[in-house]
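Residues per chain, in single letters:
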Amino acid sequence: MGTRHRVQLTVNGERRSGDTAGRTSLADFLRDTLGLTGTHLGCEHGVCGACTVLLDGSPVRSCILLAAQADGHDVRTIEGVSPPGGPLSPVQEAFCETHAMQCGFCTSGMVLASEALLATTPHPDDAEIDEALGGNICRCTGYVQIREAVRVAAARTADDERVVVRD
Amino acid sequence: MTERAALRWVSRPGAVREDRRFVTGHGRYVADITPPGTLHVGLVTSPHAHARITGIDAEAALALDGVVAVLTGEELAKETDPLRQYLDLPDVHWRPLAVDVARYAGEWVAAVVATSRAVAEDGAELVSVDYDPLPVVLDPEAALRPGAPTVHTGHGTNVLAHREFSWGDVAGDVARADGTTQVRVRWNRNSTVPIETFGVVADWDEHRQLLDVWASIQMPQFPDQLASALRIPGNQVRVHFDVDVGGSYGVKRGIKHGVLAGYLARQLHAPVKLIEDRAENMHGGDFHGPDRIFDIALSYTADGVFTSIRIDVVDDEGAYPGRSPLQLAKPIGAIVGPYRVPSAVYHATAVTTNKTGQVAVRGFGQAPTNYAIESAVDAVARELGMDRFEIRRRNFVAPDEFPYRIPSGTEYDSGDYPAVLDKAVTLADLPALERRRDELRGAGKLAGIGVATCLEPGGGNAIFENIMNPANDKTTFPEACRLRVDGSGAVVAVVSISSAGQSHDTMVATLLGEELGRDPATVTVLRADSLSGMPSQSPVGSRMTIVLGEAIRAAATDLKDRLLRVGAHNLGVPVADVDYVDGDVVVRADSERRLRWGEIVAIAHRKQHLMPDGVEPGLEVVHVAHTPRSGGLTAPDGTVQLYPCFSFETHLVLASIDPDTGVVDLDRYYLAHDCGTVVNPEVVRGMVYGGTAHGIGVALYEQFAYDDAGQPLTQSFMDYLLPSTHEIPDIADDEHCTPSPFTTFGQKGAGEAGYMGAPAAVASAVNDALAASGVAPVMSLPMKPSDVWAAINRTTEGNS
Ligand code: FES
Ligand code: FES
């Protein structure tokens, strides 16, 4: 209800726009208006992290951000982490390799939070991993394989960098 | 059982095929399904824990733009039947929307249907309901007392079920004991609280007379119960099982959600979607778990040998019992834990109170019972001044005693409990763990080591229904698999279940690949819906590898039998002279003479002139399998074979307590686990870690708390605390394998692993820490910082 807004933003590299009520969350806008259902809703009150997306590269909770607040910003959702049908990102690859999920409901948020961590901290120690993922609740896995995935992805990235250095 | 050494895919590291769609955001959950024209449901809930509904005014809601309908409990009750219960309680009616009386805070009273969920929620706020508050009863023991307010007045008492069992020479075994230790432990109300709430979409096709249902369910007989409550034939309800379920661990039953959405879809001729919000999930969904008070008496000789156990349990079912009281019966199949105890008494009482209804939770009552048994074992060790490891070793069923019949009549299939305990001790490097404990103590912390050795019954059958209610004579709980080899030789396996993270596609492909000697990666696994599919009871009770494994074996055997007959006929030899080898049919005496997979497929699909008489064309088989060892009723003496397989786990945990705050930190966590033959190692260790983390939550953080008026104090994830990376340490697991003699490859259940022993182990660690400082143990879960702090300070005050 209330006011309606025209929202324009970049989602996964594409310019997208839509009309939305002032109270519509970014999560609902992504899911219902843009059809990007990979963003999941677990609590809708900012605690579980299932709805995590990257806003200008930083993880945010799209359930407590209004779509209108994202106007003009760059949003990356799970659908944009790797090209459709293309190779997975190193983080996605590592999540598969270590089976860092069960039901998959928290996974979108976990992958994006991990991507954001490794983008700023390519060699996180265990405490940094726990800190970066501490706001993403997983009820299935007990986090052990998720931590492994982040370590595996970080090691891969580190290897790639060494290759680059030698070049 | 096939020799493990010969296995090519089972037990080998292998990719989990489900994972790729999840890491790319392409899972398909119920919230993602929105047929054109979908209407959304908002719920009006009772603000009172117990109140008579005297009036409902929906006018303002109906005036709101976008609101299509408002439905009250009275209207719904006229055209639907009450939801299924498993006890004979003719005056206890469980319905999607309260009729006349609301029996807990959060109970659904009316439903508002609108063109969007936001408008439906706005509408729900505009519905005004008049209530006359009634007296509430919250404490389950108070509910038992004469004169307590009754939750269901027509029923006359708050006791929903009371069963008494006595197995073996109890009097003799107690008399020959040198001591009996009694403990009272409290397992408070919690639940599995999946990150995805419950959701359902229902769509009625008037022309086909078919109700299509997509739901985040893990529930036996959901389609049948839906049809019967809606008073339509079973063949008019089509439940789709190709929906990813975002976690369940037992609770995603949602029958009342399904009936409500199904009814509305039929009335409104539009698809209707109901997705709970978090508060509804936590308080209105009837998804709470066991809430129990145990009184245990464990008798023992001076040498610490157990002679008899008595367990009295009171379980608070909340306002509506549904299937939950049956959770008192399942533990009968492991009532003495992994210990040799010759006799047992079990008194189980199910009580109703003004709280949210209870439902099945991971382990179906076993985890609380394990916690109770282990608490008593630790108490006996404290009493005797005996090492907690030693008392367990002394009482373990020995590896050469299997199959081992416990007093309640259930046979444990196999196990090597001492070896698994040894593995955990080695993995943890117990002396190093003790040094670490002492370091923590030196640094001013309270620190203690916890141990728990617990069983996970697997291969769920439904015989607990008969135990709790002899009128219910259900003795089979089947599972099925359909195999299809198409005209090109490609293999499809069809199952009719939905999955909530158990990686069943991977499991089915792996087991089938092994049976057929064909690469699992080439097998497609599909989910039939409830009308085109086969009988299934859903993945409850750690049963799929066991029961579905049996169906896969039998279907594969039927298929191979057909291939052999076609092959032998065309090779011109008797069937007895050929073997099936990885898809080909080979003459045993001359392996050069063979008919290849592709040739047999071509004959079976297209060449009747080459088919032997009596063999059906096409290669399509279906097999429906009983649960291993099911079929019998409970004997008149109360003995019964419950589940067929028994997995075992040993937990070792080091807890550190800040004496100033009572905050418990788990410093190290180890476990050794035996679920027989592992199908996929990555999946099994994930189950073990995940169940352990869930158990840590139960032990330290999670509780649905209420104030004295029955108002829930835990309304969101801000106050119901699910453990995060900050609370869960890295867990180390070592697997042991004692194959089951009753399953196809020796596999046992793993879906409830970790959760079976973690609550007991964490409690043991905290109490070990407290005991070392002369503090009395805390005998209630969760052990919140305030509880631990109070225990420490009670002692300090007492000493000063
Ligand atoms: S759904 Fe956004 S934080 Fe839980
Ligand atoms: S994989 Fe299910 S909640 Fe994380």
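Being a predicted model, the structure only gives us computed values, none of them experimental.

**Considering the overall build of chain B**
Here is step 1 of the chain: Scanning chain B from N- to C-terminus turns up 20 helices and 29 strands.
Here is step 2 of the chain: A compact globule built from 800 residues would reach a C-alpha radius of gyration of about 28 Å, and chain B, at 28 Å, matches this within 12%.
Here is step 3 of the chain: The principal-axis extent of the C-alpha atoms belonging to chain B is close to 95 × 75 × 50 Å.
Here is step 4 of the chain: The 800 residues of chain B split such that 66% are buried.
Here is step 5 of the chain: Residue pairs in contact within chain B that sit at least 24 positions apart in sequence constitute 81% of those at least 6 positions apart.
Here is step 6 of the chain: Summed over its atoms, the accessible surface of chain B is roughly 26,300 Å², and 49% of this surface lies on carbon and sulfur atoms.
Here is step 7 of the chain: Between the centroid of the 69 positive side chains of chain B and the centroid of its 104 negative side chains there is a distance of 4 Å.

**Considerations on the overall build of chain A**
Here is step 1 of the chain: Check the secondary structure of chain A and you find five helices and five strands.
Here is step 2 of the chain: Helices and strands appear in chain A in the N-to-C order β-β-α-β-β-β-α-α-α-α.
Here is step 3 of the chain: Relative to the globule expectation of 15 Å for 167 residues, the C-alpha radius of gyration of chain A, 16 Å, shows essentially globular dimensions.
Here is step 4 of the chain: Seen through its principal axes, chain A has C-alpha atoms that stretch 55 × 40 × 30 Å.
Here is step 5 of the chain: In chain A, buried positions account for 57% of the 167 residues.
Here is step 6 of the chain: Considering only contacts in chain A between residues 6 or more positions apart, those separated by 24 or more positions represent 53%.
Here is step 7 of the chain: Of the roughly 6,600 Å² that chain A leaves accessible, carbon and sulfur atoms contribute 50%.
Here is step 8 of the chain: Side chains of chain A give 14 positive and 22 negative charges; the mean places of these two sets differ by 5 Å.

**Some words on helix H3 (residues 107-120) of chain A**
Here is step 1 of the chain: Here H3 of chain A is 14 residues long and its end C-alpha atoms lie 20 Å apart, about the 20 Å a rise of 1.5 Å per residue gives.
Here is step 2 of the chain: The buried fraction of H3 of chain A is high, at twelve of 14 residues.

**Side note on the domain arrangement of chain A**
All names here are of chain A.
Here is step 1 of the chain: Per the domain assignment, the segments making up chain A are domain 1 (4-80) and domain 2 (90-161).
Here is step 2 of the chain: One C-alpha centre belongs to domain 1, the other to domain 2; they are set 22 Å apart.
Here is step 3 of the chain: At the junction of the two partners, domain 1 supplies 17 residues and domain 2 supplies eleven residues.
Here is step 4 of the chain: Across the domain 1 to domain 2 interface the summed buried area is about 1,100 Å²; carbon plus sulfur atoms make up 61%.
Here is step 5 of the chain: When the buried surface of domain 1 facing domain 2 is broken down by residue, His40, Thr52 and Ile78 rank first, second and third, together holding 42% of it.
Here is step 6 of the chain: For the pair domain 1 and domain 2, the interface holds zero salt bridges.
Here is step 7 of the chain: Within the residue set of the side of domain 1 that touches domain 2, elements represented by two or more residues are strand S3 (52-55) and strand S4 (58-61).
Here is step 8 of the chain: Among the residues forming the side of domain 1 that touches domain 2, the class breakdown is eight nonpolar, seven polar and two charged.

**Describing the side chain of Ser343 of chain B**
All names here are of chain B.
Here is step 1 of the chain: Here Ser343 lies in strand S15 (residues 343-351).
Here is step 2 of the chain: Side-chain polar atoms of Ser343 contact the side chain of Asp173, separated by 2.7 Å.
Here is step 3 of the chain: If we ignore the near neighbours within four places in the chain, the residues touching Ser343 are Trp167, Gly168, Asp169, Val170, Asp173, Thr307, Ser308, Ile309 and Pro407.

**Some words on the domain arrangement of chain B**
Residue and element names in this part refer to chain B.
Here is step 1 of the chain: Domain boundaries assigned for chain B yield domain 1 (37-134 + 198-275), domain 2 (292-463 + 633-799) and domain 3 (479-536 + 544-625).
Here is step 2 of the chain: With 17 residues of domain 1 in contact, the opposing surface of domain 3 contributes twelve residues.
Here is step 3 of the chain: Between domain 1 and domain 3, a total of about 960 Å² is buried, with carbon and sulfur atoms accounting for 58% of that surface.
Here is step 4 of the chain: Our enumeration of links across domain 1 and domain 3 arrives at zero salt bridges.
Here is step 5 of the chain: The interface formed by domain 1 and domain 3 includes four residue pairs in polar contact (both at pLDDT 80 or more).
Here is step 6 of the chain: For the side of domain 1 that touches domain 3, the element with the highest residue contribution is strand S11 (residues 237-240), accounting for four residues.
Here is step 7 of the chain: Among the residues forming the side of domain 1 that touches domain 3, the class breakdown is eight nonpolar, six polar and three charged.

**Comments concerning the sheet that holds strand S27 (residues 664-674) of chain B**
Residues and elements named next belong to chain B.
Here is step 1 of the chain: Strand order across the open sheet formed by four strands is S18-S26-S27-S28, with mixed pairing between neighbours. The sheet is open, and its two borders are formed by strand S18 (446-458) and strand S28 (731-736), each paired with just one other strand. Averaged over all adjacent pairs, the angle separating strand axes in this sheet is 15°, with direction ignored.
Here is step 2 of the chain: Pairing analysis gives 13 bridges linking S18 to strand S26 (residues 645-657), with the strands arranged antiparallel. By the bridge assignment, Leu446 is partnered in S26 with Ile657.

**Considerations on the interface of chain B and chain A**
Here is step 1 of the chain: Facing the 53 residues of chain B at the interface are 48 residues of chain A.
Here is step 2 of the chain: In total, chain B and chain A occlude about 4,000 Å² of area from one another, counting both sides; carbon and sulfur atoms represent 55% of this.
Here is step 3 of the chain: Together, Val23, Ile195 and Thr725 of chain B form the three largest contributors to the area buried by chain B at its contact with chain A, with a combined 18%.
Here is step 4 of the chain: Summed over the shared surface of chain B and chain A, the number is seven salt bridges.
Here is step 5 of the chain: Salt-bridge contacts for Glu44 of chain A lead to Arg117 of chain B; the nearest nitrogen and oxygen are separated by 3.0 Å.
Here is step 6 of the chain: Inspection of the region where chain B meets chain A yields 26 residue pairs in polar contact (both at pLDDT 80 or more).

**Re the packing of helix H18 (residues 681-700) of chain B against helix H19 (residues 758-772) of chain B**
All names here are of chain B.
Here is step 1 of the chain: Between H18 and H19, the least distance of the axes is 7 Å, while the angle of their chain directions is 50°. Our classification of the angle between H18 and H19 gives oblique. Along this stretch, H18 crosses H19, giving a crossing that reads as right-handed. Taken together, the residues of H19 that come into contact with H18 (itself represented by Thr692, Gly695, Ile696, Val698, Ala699 and Leu700) are Ala758, Pro759, Val762 and Val766.
Here is step 2 of the chain: For the contact of H18 with H19, a count of residues per class yields eight nonpolar, two polar and no charged.

**What to know about the sheet that holds strand S1 (residues 39-45) of chain B**
Residue and element names in this part refer to chain B.
Here is step 1 of the chain: Strands sit in the order S3-S5-S1-S12-S9-S10-S11 across an open sheet of seven strands; the sheet is mixed. The sheet terminates laterally at strand S3 (67-72) and S11, the two strands that pair on one side only. Sheet twist, expressed as the mean angle between neighbouring strand axes with direction ignored, is 25°.
Here is step 2 of the chain: Alignment of strand S9 (residues 199-205) against strand S12 (residues 272-275), held across four bridges, turns out to be antiparallel. If you follow Ala202 over to S12, its bridge partner there is Val272.
Here is step 3 of the chain: Along the sheet face, helix H4 (residues 117-126) touches S1, S3, strand S5 (108-114) and S12 and points at about 25° away from the line of S1.

**Re the pattern of salt bridges**
Here is step 1 of the chain: What the rule picks out here adds up to 55 salt bridges over all chains.
Here is step 2 of the chain: With a closest N to O distance of 2.6 Å, Asp212 of chain B and Arg238 of chain B form a salt bridge. You can see Asp212 of chain B sitting in strand S10 (residues 210-215) and its partner Arg238 of chain B sitting in strand S11, a full 26 residues away along the chain.
Here is step 3 of the chain: What makes Asp212 of chain B buried here is its relative accessible area of 10%.
Here is step 4 of the chain: Salt bridges sharing partners connect three or more residues here, namely Asp126, Asp130, Arg147 and Arg151 of chain A together with Asp730 of chain B.

Cut-offs applied
Residues numbered from 1 in each chain as written. Chains lettered and ligands numbered in written order. Predicted model: local features only at pLDDT ≥ 70, side-chain atom pairs only at ≥ 80, totals over all residues. Heavy atoms only, no water. Helix = DSSP H or I, 4+ residues; strand = E, 2+ residues; numbered from the N terminus. Rg over C-alpha atoms; globule rule 2.2 N^0.38 Å. Buried < 20%, exposed > 50% of the residue type's maximum accessible area, 1.4 Å probe, protein only. Contact = heavy atoms within 4.5 Å. Areas by Shrake-Rupley, 256 points an atom, 1.4 Å probe, with all protein chains shown as cover. Lys, Arg positive; Asp, Glu negative; His and termini not counted. Charge placed at Lys NZ, Arg CZ, Asp CG, Glu CD. Expected span 1.5 Å × (residues − 1). Domains from an automatic or database assignment. Buried area = accessible area lost by both parts, 1.4 Å probe. Salt bridge = Lys/Arg side-chain N within 4 Å of Asp/Glu carboxyl O. Nonpolar A, V, L, I, M, F, W, Y, C, P; charged D, E, K, R; others polar. Polar contact = N/O pair within 3.5 Å; in protein donor to acceptor, adjacent residues only side chain to side chain. Pairing = 2+ DSSP bridges. Axes fitted to C-alpha atoms, helices over the stretch in contact; angles between N-to-C directions. Parallel < 35°, antiparallel > 145°, perpendicular 65-115°, else oblique. Left-handed = near helix turned anticlockwise from the far one by under 90°.

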